[in-house]
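Notes for the structure review
Here is what each chain is made of, one letter per residue.
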Amino acid sequence: MTGGREALRILLALAVLGAAPLTAQSWRLRFDAAAQRVAIRAISPDSITEAEVQTGPTGGPVSPDGFAVTCFNNGFCQFYRPGSVRRGMPAMASTDLTMWGLGVPGLRVRVHARLNTDLAGEQAWAGTTPRLLLTEGFAEYIRDGLTVQGGRLLDQGRLGNAGLGVIDGARAALRLDRLPLDLSLYGGWGMARGTVLPVTSPAVNPLLDYNPGVRQIVAGGSIGARLRDVDAMIEYRREIDPLTNYMVAERAGVSTQLRPFKRLSLVAGADYDVALAQLGTAEATLAYSAPRLWATLGARHYRPYFDLWTVWGAFSPVPYRGVNGSLAVGVVKNLQLRGRGEWFRYEPTEASTPQVNAKESGWRAGVEATLAPRPQW
């Protein structure tokens, strides 16, 4: 009965929130605005006769001015050449608002929204539609280790960081200090992969005819353990198309952090695609931290992930494996040098490319330096 009375209390407080003046209200507002000028060059389709086709440096067919062509055995070959330059001025303004002290202890409201436009009026730059975008907006109630949220929610877990963590719904999390365990359950309507837009939005995909007609239903949860030197979490998430009752996605993940010694830590994790019965992305990083020395050594297995309704999964994208490392040294008090590198190799694609010499491995590296002569700089 105590939980029911608390829920009724919250509903009554929200109902009278706009009608009665409240005391001790607090809020924090941050406003950001930015704009830039950009220029992009599109491509234009063109064609030539098969008699004009030449052989390029890699052995493939090209046009006389060096553009790759595709021939259809009808006397003509098609290709794309650079088009005209389009200029735009994309601009963005974002608002981050948090309010608390609303008459109910433990209750707060958070809203983060963004306004997009193109000041040049040509809509030459992607990302300027839709004009108004609600990134996050929810009401939250916290009491005695229980957290309840409702609205547009972001999930910062392992599956959420993979672009799966935005829903319009509710989430409840319980922190049990005596065990100690963290439990979480959530459900609602999902968004398109890696965005805060539904799959039915025209801004998500130009091939809208192939997108689902309604938004997917999402449900999932997690359980985490907090020990002295070990933190671990198991997550599960499932998405269903309500029109067909077919599965859109089903994944599970595990992540852990170990601290065997004072300056040494090991962070590892992996996710598994239950629907396709294959390993997704997995990684492990060993880190060492000292007053003026930071070093990491890691390994990674990365596989791109797509919903079952998309066409991209039919191309059987292959994963890559790599090893990476980084080193940061504080040379003097105000000077720090950093370097990082990674070597990676893709699995065999089992695709024939007789006219292209495809590389299956590569590396990348970078160096940085930070100088802070004074605290104000």
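This write-up is about the structure you can find in this document. (Residues numbered from 1 in each chain as written. Predicted model: local features only at pLDDT ≥ 70, side-chain atom pairs only at ≥ 80, totals over all residues. Heavy atoms only, no water.)

1. Some thoughts on the overall build of the chain
To be explicit about the condition: Helix and strand definitions follow DSSP, with helices as H or I runs of at least four residues and strands as E runs of at least two, each counted in order from the N terminus. Per-residue accessibility, obtained with a 1.4 Å probe over protein chains only, is compared with the maximum for each type, and a residue is labelled buried under 20%, exposed over 50%, and partly exposed between these values. We call two residues in contact when some of their heavy atoms are within 4.5 Å. Only the protein chains shown count as cover for residues, with accessible areas throughout obtained via the Shrake-Rupley method and a probe of 1.4 Å.
Each helix and strand counted, the chain has two helices and 21 strands in total. Each of the 377 residues in the chain was classed as buried or not, and the buried ones make up 28%. Sequence separation of 24 or more characterises 49% of the internal contacts of the chain that already satisfy a separation of 6 or more. Split by element, the accessible area of the chain, about 24100 Å² in all, is 61% carbon and sulfur.

2. Quick look at the sheet that holds strand 5 (residues 70-71)
The following threshold applies: Here, strands pair whenever DSSP counts at least two bridges between them.
With antiparallel pairing, three strands are arranged side by side in an open sheet as 2-6-5. In this open sheet, the two edge strands, each paired with only one partner strand, are strand 2 (38-49) and strand 5. In terms of strand pairing, strand 2 meets strand 6 (residues 76-88) through 11 bridges, oriented antiparallel. Paired with Asp46 across the two strands is Phe79, which belongs to strand 6.

3. Structural notes on the packing of aromatic side chains
Quick note on the threshold: By convention, a stacked pair of Phe, Tyr or Trp rings (six-membered ring in the case of Trp) has centres within 6.5 Å and planes under 30 degrees apart, an edge-to-face pair has planes over 60 apart, and any other such pair is tilted.
Applying the stated criterion across every chain, the model contains five aromatic pairs. Aromatic side chains Phe67 and Phe79 sit 6.0 Å apart centroid to centroid with 15° between the ring planes, which places their arrangement in the stacked category. Of this pair, Phe67 sits in the loop between strand 4 (61-62) and strand 5 while Phe79 sits in strand 6, and the two are 12 residues apart along the sequence. A relative accessible area of 24% means that Phe67 is categorised as partly exposed. We classify Phe79 as buried; its relative accessible area is 3%.

4. Describing the environment of Ile167
With respect to the secondary-structure elements, Ile167 resides in strand 11 (residues 166-176). For the pair formed by Ile167 and Val196, sequence separation is 29 residues and the distance between their alpha carbons is 8.3 Å. Apart from residues no more than four positions distant in its own chain, Ile167 is found in contact with Gly151, Arg152, Leu153, Tyr186, Gly187, Trp189, Gly190, Val218 and Arg237.

5. Things to note about the environment of Asp177
Rule in force here: Contacts described as polar in this section are N or O atom pairs within 3.5 Å, which, within protein, must combine one atom able to donate a hydrogen with one able to accept it, while residues neighboring in sequence count only if both atoms come from side chains.
Looking at where Asp177 falls in the secondary structure, it is placed in the loop between strand 11 and strand 12 (181-190). Separated by 32 residues in the primary sequence, Asp177 and Gly145 place their C-alpha atoms 8.3 Å from one another. There is a polar contact of 3.2 Å between the side chain of Asp177 and the side chain of Arg175.

6. Topic: the environment of Pro212
Here Pro212 is to be found in the loop between strand 12 and strand 13 (217-226). Here Pro212 falls in the buried class, since its relative accessible area comes to 16%. Expressed as a C-alpha distance, the spacing of Pro212 and Thr200, which sit 12 residues apart in the sequence, is 6.8 Å.

7. Some details on the pairing of strand 7 (residues 90-100)
Inspection of the sheet shows strand 1 (residues 26-35) paired to strand 7 by 10 bridges, in the antiparallel sense. Residue pairing across strands places Phe31 opposite Thr95, the latter belonging to strand 7. Of the pairings in the sheet, the one linking strand 7 to strand 8 (residues 107-118) comprises 11 bridges and is antiparallel in character. Looking at strand 8, one finds that Trp100 is bridged to Arg108. Counting the residues between successive antiparallel strands, the hairpin from strand 7 to strand 8 contains six residues, one of them, Gly101, with a positive phi of roughly 70°.

8. Examining a nonpolar patch on the surface
Stated formally: Like-charged residues are merged into a patch within 9 Å and nonpolar side chains (Val, Leu, Ile, Met, Phe, Trp, Tyr) within 5 Å, provided each residue has over 30% relative accessible area and no salt bridge. The salt bridge criterion pairs a side-chain nitrogen of Lys or Arg with a carboxyl oxygen of Asp or Glu, the two atoms within 4 Å.
Together, Leu146, Val148, Leu174, Leu183, Ile223, Ile234 and Val254 line one region of the surface with nonpolar side chains, adding up to about 510 Å² of accessible area. Checked against the element boundaries, Ile234 lands in strand 14 (residues 230-241).

9. Section: the pattern of salt bridges
Tallied over the entire structure, the rule returns 23 salt bridges. A salt bridge links Glu342 to Arg364, with the nearest nitrogen and oxygen atoms 2.9 Å apart. Of this pair, Glu342 sits in strand 20 (residues 335-346) while Arg364 is found in strand 21 (residues 361-371), placing the two residues 22 residues apart along the sequence. What makes Glu342 buried here is its relative accessible area of 15%. Residue class for Arg364 comes out partly exposed when judged on its relative accessible area of 41%. Among the ionic contacts, a cluster of salt bridges with common partners joins Arg158, Arg251, Asp271 and Glu283.

10. Quick notes on the state of the cysteines
Counted only if it meets this: Disulfides are defined in this document as cysteine sulfur pairs within 2.5 Å.
Tallied over the entire structure, the rule returns one disulfide. A sulfur-sulfur separation of 2.0 Å characterises the disulfide bridge that pairs Cys71 with Cys77. With the S-S bond torsion at 100°, the cross-link from Cys71 to Cys77 turns out right-handed. Assessed through its relative accessible area of 34%, Cys71 is described here as partly exposed. For Cys77, a relative accessible area of 0% puts it in the buried group.

11. Side note on unusual backbone geometry
Residues Thr129 and Pro130 are joined by a peptide bond in cis, for which omega reads -5°. Examined against the element boundaries, Pro130 turns out to sit in the loop between strand 8 and strand 9 (132-143). For the bond from Leu179 to Pro180, the omega torsion is -10°, close enough to zero to count as cis. Its location among the elements puts Pro180 in the loop between strand 11 and strand 12.

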